[in-house]
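# Chains, contacts and geometry: an overview
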Amino acid sequence: MYPVTTAHYMLLSAILLTIGAVGVLTRRNILVVLMSIELILNAVNINLVAFSHYLQDVSGQVFVIFVITVAAAETAVALGILIALFRNKETVHADEVDILRW
Amino acid sequence: MLLDSVLFYLFAILIVGSSILMITRRNVVYAAVWLINALIGTAGLFLLQAAEFLAGVQVIVYIGGITVLYLFVIMLVPLREEMLQRRFASQGWIAVICSTLMLVLVSVFLFRGADSFHLGQAAPPPAELGQMTTNSEQVGQALFSRYLLPFEMASILLLVAIIGAIVMSKARGAPGSSISSMDN
Amino acid sequence: MKQHILSIIWLTPLVGMLLLLFIPKENKQLIRLFANIVGALGMAVCLPLVFWFDNSIADFQFVERASWIPSLGVEYYLGIDGVALLLIVLTALIGFLSIWCSWNAIQERTKEYYAFLLFLQAGMMGVFMALDLFLFYVFWEVMLVPMYFIIGIWGSARRTYAAIKFFLYTLAGSVLMLLAMLTLYFLHFQQFNEYSFALEDLMRTTIDPTTQIWLFWGFFFAFAIKVPMFPFHTWLPDAHTEAPTAGSVILAGVLLKMGLYGLFRFSFPLLPGAAADDSTVEILAALSIIAIIYGALVSLMQKDWKKLVAYSSVSHLGFCTLGLIALNPAGVSGGMLQGINHGLSTPLLFLAVGIMYERRHTREIAEYGGLATRMPVYAALFGIAVFASAGIPGLNGFIGEFAILRGAFEKDPYWAAFAVVGIVLGVAYLLWLFQRIMLGSITNPKNETVPDLSPREILIMLPLVAGCFWIGLYPKPFFDLLEKPAAKLVERVQPGYFERAGIPNPLDKAKQVAELTKE
Amino acid sequence: MIPQFTATDFFVLKPILLLSLFGCGILILDFLIKDPRMRWWNAMTALLGEIMTGVAIWQHQQDLGGAAIQGLGGAIVVDGFSVFFNWLFLGAASLAILISVTYLEIEGEHRGEYYALMLFAQAGMAAMAQGYELVTLFIGLELMALSFYVLVGFLRDEKRANEAAIKYVLLGAFSSGVLVYGFSILYGISGSTDLRQIAAAVAQREPTDPVMILALVTLSVGLFFKISAVPFHMWAPDAYEGAPTPITAYLSVASKAASFALMLRIFLVPLWSARELWIPALAVVALASMTLGNIAALTQSNMKRLIAYSSISHAGYMLLGLVAANETGLQGIAVYLFVYMFMNFGVLTVVAAMRREGQPAEEVDDLSGLMARHPGYAILMLIFMLSLAGIPPTAGFLGKYYIFLGLIEAGHYLLAVAGALYVAVAAYYYFRIVRAIFLSDAADPPTFHLSRGVKLATVASGVLTLLIFFYPEPILSLAADSVLLALR
Amino acid sequence: MFFLDSIWLIPLFPLFGAAVMLLFGRLLDPQPAGGGHGHDDHGHDDHGHGHDAPPAGRKIISLLCPGMVLMAFVFALGAVIQLQGVANHTHEVVKYTWLTGLPSLTSSGAVPAFTAEWGFLLDPISSVMILVVTGIGFLIHVYSIGYMAHDNGFYRFFGELNLFLFFMLLLVLGNNYVLLFVGWEGVGLCSYLLIGFYFHKKSAGDAANKAFLVNRIGDAAFILGMLLLFSTLGTLKFTEIGAALQAGGFTAETAAFGTISAITLLLFIGATGKSAQIPLYVWLPDAMEGPTPVSALIHAATMVTAGVYMVARSSALYVLAPKTMLIVAIVGALTAIFAATIGLVQHDIKRVLAYSTVSQLGYMFLACGVGAFWVAIFHLYTHAFFKALLFLGSGSVIHSMSGEQDMRKMGALKKKIPITYKTMLIGSLAIAGIPGLAGFFSKDEILWQSWSTHHQMLWVLGFATAGMTAFYMFRLMYMTFGGDSRVEPEAAHHVHESPPTMTVPLMVLAVGSVLAGWIGTPVVFGPLHEALPSLEHWLSPAIATVGGEHGAAAEHHDTTMEWVLMFASVGLAIGGILFARKMFDRKLEGEPMRGLLGPAQGLFYNKYFVDEIYNALFVNGLVKGGGAQLSRFDARVVDGAVNGAGWLTRFSSTVSMWWDTWIIDGLVRLTAFLVKFISYPVRMLQTGLVQNYALFIVLGALGLLAYYLSV
């Protein structure tokens, strides 16, 4: 078995990114879409930590902290908006939100 | 070294598996749970790479904070009806194909680049960091020196998130519907 | 005073417009009066120009030069030569007449109307004075907007379509011109390491032939659309037809001349290599000849009076461009003079249409007939306009056409041979028009009661008629004015033309005079 | 050991600090105001904040001599670039505040958080303009984006606002994810988050290095999204339409400008050595943006959507400046953004003022007969439309001028021709609006709510749109400084 | 030399009259409201307000306009008398430079500044012309006072007539081709105005248009000819052309059709338009729609001869172009006989005269073509007298007949209008070539010149034409004045002799028709020839001759042959007259011409059937341009061609318009439409579904990745 290299982490990250993207693109439920975005951010985190480890540099890890913070903040705002939406439209489905078009 | 590899693959499988399960579960609660699993896997990977502090943050903030936030909101949504509806958008297969293609392309680039993977110069750890041993200390040191501004701004960011969440989720109709009326 | 005369000329209508804005819009009579006064004033301030202009100088006169945007090398740079002088005086005259002729025609939104007319006037004046390409472009574009409104608000049924068509066509052409200008500007910068849009600076730039040809076509689109040359003419019938009388008068009288002026002032001198290029010359000549014949043929078939006149412009302007592209003194001065001629005779035709339109509210030729019985004075003036347009000797059209034909003949006899077909057809459609409108007995009872021209209407037409006769009978002053600019252009495009031909160069004479006065 | 927080650091941070401070201040002030009719004090405070920030930026500009002033160990700088963009953000925010008061009062959503969020967003933008380090840039970007997510959905009882906000937040978060993925690779390549070091590391690599390309692609996707370039533009029309109109203006101007600032920093500093690689892709995207933006706008009847599509095409033009990748082109982006601010604000201010039975009137037809009712505003609208179309004598022409000149200098003639021809296409739909204003009569005209703020904002925008054309020297030199420093 | 230096004033007199009339005439001659209604023709006026005394304003007009022409005549006469004392009989007055400042390149070198002057040249040719123009012009003016007395637009008529004289004088006095062309176009313009004088009649308007348009076709060639001339010789001044030709070393282009031949041919095409030669003669018969004095002045005496004048003026060029000369001669001869055959069968009195004019003009060109330019001018001069006389006489007849022009409705008018009859008889005898009268001398000289220059075939044509001329003229005379009266009863009692203003000019012209020819007696008259003034001699300095030597052909002629030919033609003329008397001076039954010519009469009507093919080719043109006039004999031929061309023009302009609307503009609109059309699908991309948007982001990323994959 080959030793695990940074490339492995990057590949894992890419796979996770793709899964996140698939989630964003396919799931009707906005909550799951949001979760999928978390997956994407996680992919980024994996990348950053892998680089940080490889480079023996701590900045990457700091970066991760900020990414997590941002993820939290985004989630909070997005969920707030979702609640407002749900209150007005009684739906959490992405494809039922389409009065703005064309 | 071997253990590292084994653990990596284990965590990788956990992450990928949980992620896939997450995006395919009909029940949103299950999805949230699989998200937690994926995040735990990631935390494991962090540990594997000597980023203990991050692993902690991951568990506390992500799993303890964000996922709970999700679960709160999930509670607001009527799950029964949800269970009866289509899970996937109409563009599902196209999306999957496109995403897979994207993955293939990214992988192609990654494989091509794998040889030349001398990421950075792999500089020896800076002297000042070398004196400090723990990961947390290193992170803390960086956070409060070079990343002081982002750190401060992150607080504003969180403030914005709080304001945003409150502004958005609070129902209208109360006499003063701004935050100031929260004390009512 | 003398050194700022050009600024005064173009600012007069603008200031007038700004003052006009302070008159309450209900007070229509005052607005009319004021606008007419400003129009007359605009004409009056041009008069000193005529007296101060020194025809012995080949260079630009009344030059005003000041830095405007230093970091781009843009200058406020005005100056005129003989051609510009003629066009400016024409613009002042046409501008005033178009204001005057709207006295009764425009009853709605009077204030806006006059404001736009005055604004347009300022823009047109600027176009003929600017020697800085940036400034020129600004004036060029500025004048589109009021014209758009004049057509669009006070036009007839399909006015919005016509207005936007006019606007977009011209805009599309002029943005390409902008690119060509910028390229020239950049090439100049590369060679001299200083930014400048000044005409004479850019003329110093050396450009390789291929680039020249590309740039030439860039300029060409803007000017060809404005002229309009075949096949870029289709905006013209619509714009002319739908515009109110004053709009048509200005369009025909001044705006179309801008295309010619642009070719004369910018395209050819800036890109002499491309202008002298055989294929360019041939394409332009072919387009001109097509326009001459084609415009005439299409005119023949028009049922709409105004559209007929509009298409006749295509044909006439074809002569102008043919003269220009002949690139010899006769052709160039003939082409520019024919531009002036067209600016006198076609506005007359449009005024005539407008006068009838005010009375009868239709432009269908079939609606008229036998008007000469009811309106002899009108018939006489219209007849003069028709004959002037048709190029009857003694009137202005002939002078221009003859000079153009001579220029064209010198370049290539076949051009002239084709162009004379246009002369024959020109007579055909104009006379047929005259016959259908004026001759015969009155068949439409509605025409029984139309009154003949009012003194105001006669007075509006008279200056133009006088101009037609003047150029027709004594064009020498005009040719004298055109001589040096034309010679300059010819010498620029075909260096050594005069020497090779053994003809004394008018510019040398001018140089001698200048040296003498210097001593 | 631990670097001291020096006076220089404070000086450099001043705008961000002031904005954050005033943002928090407004939140507190809002508690103290009991009478809803006195809420305009919030706006006044915000404007005061803008003035203070303006003073700070002025000081920046004064102290700026040749080289950049670095703060916090180079994480943040003051240079011509940041000063220029800070001025821009300041202008946009001030205008947005001016026109918000009436709008929010009519909507019944006049709350202090709104202004606070605007200031926070501006702080984020300032960080994006001043930041010289990935994390700062990222946090600045997110601060701005989060504020905007909330602001877009601020009218939370409006279905359209909800929808706009949710779309914006979902896509925004998605694209941020992609962008930060690119950041992570940049970090991986260089081992640093500092742009200079990244640039040095990138310069050592082959431009075609596969990992580099991955970074390039992900960064491009994220940034294209932010500047709403085709095909990453789709959020823009929806978000613009659903947002409160002042926010539409703020979003379309400031957020775009900040994103361009970020884009310029990233493409010009770390990715500069790979420009051979990204110029063609950028050209295609720019072309696509102009095409799609203009074509979609042709038949659009909602003013805000129309402006959205037009802003997409404007983004295309600005991208062309980057495609030119020379001094003129980049200066063009700066000038373009600056003039775009006034013209776009002008138009949207007028749209914001229109109401019919309490509901916003946003259709092109609602402008019909404006000339008869409010000739002054009609003429101002004409100026804005001419400017948007890029016709002199308006400032919009200067932007196009630089872009075209830049393209010509770089030898991209065909792009220049395409851009020029699209001017004519764009003029068509701008003149549809002009036609409505001047050439049509309205059967049922909407009412105009012209508060002092709206008047001030429109007149200021109009006057500046003209003034910048006639006396552009200060703006041009500022833009030139900004570019020179960005290129070093 | 007062008169000589004042020749520039000669055109200005009528111009002054015209200006006064056209600007202020309405004040002098107030027009009744309602314009021309009820006054479709002058004849009816007798019933209307014929008894009204002429208003004072009209009296002023009647004095002013003819007075101006008289002044011009006096000045012209004075100038011509003074000219005799000038060396070379040439005097030039240049008023100012008109066109200038246009340096040009020509094949004979550069011309520093092309100038066309507003300059006047009085030389023998123009002296003849101005006398004819002013003299006959004056008479016709006087005649018009009576003829037009009851017409509306009295002032307009005189104004335009004066204007015509101005241009005509400009034409003949101009010292260069450009100024000549000004007059050339000017007279065309006035002809247009005067043919369309009764503009409320559609046919008048049509005829006017047709005249101008056909003329314009010729003018186009004229312009080209002028340009070619200028670019070859570098000058357009008559006095400089001879020198320029010598300097350029041009010799007669006997072998090839060279530049000079091209110039002369182009100029000649111009002349065929103005002087109504094949193929551009069609406008002249229609031009009879104008008032009769106009027909007399413009379409008989002066304007139509401008072409002849111009060719004679360009004789220096023509002698160098024998091929063109031949063409000129052939066209002239063919036109002469062609028009004469048509004239044989016409019923309209003015049309007979119109075709006669065409025929006589053909003679003049025949003379030019055989190199006898002076004879052309001679015939022009005599023709002016007798044709003006005939037209005015026919006008008098028409006047007395209340506007009737059809000879089948006349007859036996001899007694009722004796003065008209007698004067017209003199005119007819003159045109028929009865010895002693003007027409004899000039026509005989033409025939002799064509014989002596070995153009026997052309002589035959001219000879036959002479016979036909005599026949159709006396057919006209007998149908009108002799035989039985076929006058409509209601018109019959109105028949009256015309007023003195009309008859006096007739008498003066009759005298002229008798005497005018005696300045050009044939050489064979010997002593008589020596004794009388010779026009040939007078004209010789201004006219070039073939071979360059003056009078070469005349010196060596065969005296016997000339006598023989002269008697033959006189005999033929007398025979024709007698034959006409036999056929028409009696009660007419049916169509005598058909009896005489048999199928040939039909042939003339049907254009010898050759023209039917022509006709069929343009049948569309005939249908489209249709109208009664096309059914007329001549209309079928060239008119058919003209109308066919007209149809082709209309067709092509329809195509052009279609092309314009649908292709050129269509392309623009199509683009606009397509752009707008694709706007909808483009907007449809914006589905409103957020995940679609996200998919586009992914697709965009995919696109970028794919692009870089290939880099």
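All figures in this text were calculated on a predicted structure; none of them were measured in a lab. (Residues numbered from 1 in each chain as written. Chains lettered and ligands numbered in written order. Predicted model: local features only at pLDDT ≥ 70, side-chain atom pairs only at ≥ 80, totals over all residues. Heavy atoms only, no water.)

### Things to note about the overall build of chain B
If you tally the helices and strands in chain B, you get eight helices and zero strands. Put simply, chain B runs from its N terminus to its C terminus through helices and strands in the order α-α-α-α-α-α-α-α. Split into buried and exposed, the 184 residues of chain B put 47% on the buried side. Taking the contacts inside chain B whose residues are at least 6 apart along the sequence as the reference set, 57% of them involve residues at least 24 apart. Looking at chain B as shown, the accessible area adds up to about 9,000 Å², and 71% of this sits on carbon and sulfur atoms. (Helix = DSSP H or I, 4+ residues; strand = E, 2+ residues; numbered from the N terminus. Buried < 20%, exposed > 50% of the residue type's maximum accessible area, 1.4 Å probe, protein only. Contact = heavy atoms within 4.5 Å. Areas by Shrake-Rupley, 256 points an atom, 1.4 Å probe, with all protein chains shown as cover.)

### Let's talk about the sheet that holds strand 5 (residues 447–448) of chain D
Hydrogen bonds between backbone groups are what pair the strands of a sheet, and the pairing can be parallel or antiparallel. Residues and elements named next belong to chain D. Pairing is antiparallel across the open sheet formed by three strands, whose spatial order is 4-3-5. Each edge of the open sheet carries a strand with a single partner, namely strand 4 (359–360) and strand 5. Where strand 3 (residues 354–356) meets strand 4, two bridges bridge the pair, whose relative direction is antiparallel. Among the inter-strand pairings, R355 is bridged to a residue of strand 4, identified as P360. Packing against the sheet, helix 13 (residues 327–353) makes contact with strand 3 and strand 5, and its axis sits at approximately 25 degrees to strand 3. (Pairing = 2+ DSSP bridges. Axes fitted to C-alpha atoms, helices over the stretch in contact; angles between N-to-C directions.)

### Concerning the interface of chain D and chain A
Listed by partner, the interface residues are 42 residues for chain D and 41 residues for chain A. Buried area between chain D and chain A, both sides added, is near 3,500 Å², and the carbon and sulfur share of it is 78%. Counting across the interface, chain D meets chain A through zero salt bridges. In this assembly, chain D and chain A are joined by nine residue pairs in polar contact (both at pLDDT 80 or more). Those elements that place two or more of their residues in the side of chain D that touches chain A are helix 5 (134–152), helix 6 (159–190), helix 9 (235–242) and helix 12 (303–324) of chain D. (Buried area = accessible area lost by both parts, 1.4 Å probe. Salt bridge = Lys/Arg side-chain N within 4 Å of Asp/Glu carboxyl O. Polar contact = N/O pair within 3.5 Å; in protein donor to acceptor, adjacent residues only side chain to side chain.)

### Side note on the pairing of strand 1 (residues 61–69) of chain C
Residues and elements named next belong to chain C. Here strand 1 runs beside strand 2 (residues 74–80); their pairing, made up of six bridges, is antiparallel. Bridging across to strand 2, A66 finds its partner in Y76. Linking two consecutive strands that pair antiparallel, namely strand 1 and strand 2, is a turn of four residues; a positive phi of about 70 degrees is found at G73 within it.

### Some details on the interface of chain A and chain B
Counting from both sides, the interface comprises 70 residues of chain A and, opposite them, 88 residues of chain B. Roughly 6,700 Å² of surface becomes buried between chain A and chain B when both sides are summed, with 76% attributable to carbon and sulfur atoms. Counting the contacts that link chain A with chain B gives zero salt bridges. Between the two partners, chain A and chain B, sit 13 residue pairs in polar contact (both at pLDDT 80 or more). Secondary-structure elements contributing two or more residues to the side of chain A that touches chain B are helix 1 (6–26), helix 2 (30–55) and helix 3 (59–89) of chain A. With 23 residues, helix 3 of chain A is the single largest residue contributor to the side of chain A that touches chain B.

### Considerations on the packing of helix 14 (residues 322–344) of chain E against helix 15 (residues 349–369) of chain E
Residue and element names in this part refer to chain E. Across the interface, helix 14 lies against helix 15 with an axial gap of 7 Å and an inter-helix angle of 160 degrees. With respect to each other, helix 14 and helix 15 are oriented roughly antiparallel. You can see that helix 14 and helix 15 cross each other, and the crossing is left-handed. Contacts between helix 14 and helix 15 pair M325, V328, A329, G332, A333, T335, A336, A339, A340, I342 and G343 from the former with V352, Y355, V358, S359, G362, Y363, F365, L366, C368 and G369 from the latter. (Parallel < 35°, antiparallel > 145°, perpendicular 65-115°, else oblique. Left-handed = near helix turned anticlockwise from the far one by under 90°.)

### A look at the packing of aromatic side chains
Within this structure, the stated rule accounts for 101 aromatic pairs over all chains. Aromatic side chains F224 of chain D and F232 of chain D sit 5.7 Å apart centroid to centroid with 15 degrees between the ring planes, which places their arrangement in the stacked category. Across this residue pair, the class does not change: F224 of chain D and F232 of chain D are buried. Ring-pair connections join several aromatic residues into one group, and the members of that group are W68, F134, Y137, Y185, F189, Y195 and F197 of chain C together with F397, Y401, Y402, F469 and F470 of chain D. Sitting over the face of the ring of F192 of chain C, R204 of chain C holds its NZ or CZ atom 5.6 Å from the ring centroid. (Phe/Tyr/Trp six-rings, centres within 6.5 Å; stacked < 30°, edge-to-face > 60°. Lys NZ or Arg CZ within 6 Å of the ring centre and 35° of its normal.)

### Thoughts on the arrangement of the chains
Across the eight pairs of chains in contact, the largest number of contacts is found between chains A and B. For the non-touching pair chain A and chain C, the nearest C-alpha separation works out to 25 Å. Chain C makes no contact with chain B, the minimum C-alpha separation between the two being 37 Å.

### Examining helix 18 (residues 438–452) of chain E
Every α-helix carries 3.6 residues per turn, so stepping three or four residues along brings you back to the same face. Residues and elements named next belong to chain E. With 15 residues, helix 18 should reach 21 Å at 1.5 Å per residue; the first-to-last C-alpha distance of 21 Å fits that figure. Counted residue by residue, helix 18 has 14 buried out of 15 residues, so it is predominantly covered. Remark: H454 follows helix 18 within two positions and exhibits a positive phi of approximately 70 degrees. (Expected span 1.5 Å × (residues − 1).)

### Thoughts on the confidence of the model for chain B
Residue and element names in this part refer to chain B. Summing up the model confidence of chain B, the mean pLDDT is 80 and the portion of residues at 70 or higher is 82%. Here residues 119–123 scores under 50 on pLDDT; set against residues more than four positions off or in separate chains, the count is 17 contacts. Low pLDDT, under 50, characterises residues 174–184; the predicted model gives this stretch 16 contacts beyond four residues in sequence or across chains. At the level of chain-chain contacts, confidence expressed as ipTM amounts to 0.89, with global pTM at 0.88. (pLDDT = per-residue confidence, 0-100.)

### Brief notes about the side chain of D444 of chain E
Residue and element names in this part refer to chain E. Here D444 is to be found in helix 18. One buried charged side chain, D444, makes no salt bridge at all; its nearest oppositely charged neighbour is K443, positioned 9.1 Å away. At 3.4 Å, the side chain of D444 and the side chain of S569 are in polar contact. The contacts of D444, once residues within four sequence positions are left out, are G439, M566 and S569. (Lys, Arg positive; Asp, Glu negative; His and termini not counted.)

### Regarding unusual backbone geometry
Omega for the bond connecting V230 of chain D with P231 of chain D falls within 30 degrees of zero, at 0 degrees, which places this linkage in the cis form. Secondary-structure assignment places P231 of chain D in the loop between helix 8 (210–227) and helix 9. The linkage connecting P392 of chain D with the following residue, P393 of chain D, adopts the cis geometry, with an omega of 10 degrees. Within the fold, P393 of chain D resides in the loop between helix 15 (375–389) and helix 16 (395–410). The backbone of E357 of chain D sits at a positive phi, close to 50 degrees, despite the residue not being glycine. Tracing the backbone shows E357 of chain D in the loop between strand 3 and strand 4. Exposure remark for E357 of chain D: the relative accessible area of 76% places this residue in the exposed category. The phi angle at A276 of chain E is positive, at roughly 55 degrees, despite the residue not being glycine. As for its placement among the helices and strands, A276 of chain E is situated in the loop between helix 9 (259–274) and helix 10 (283–286).

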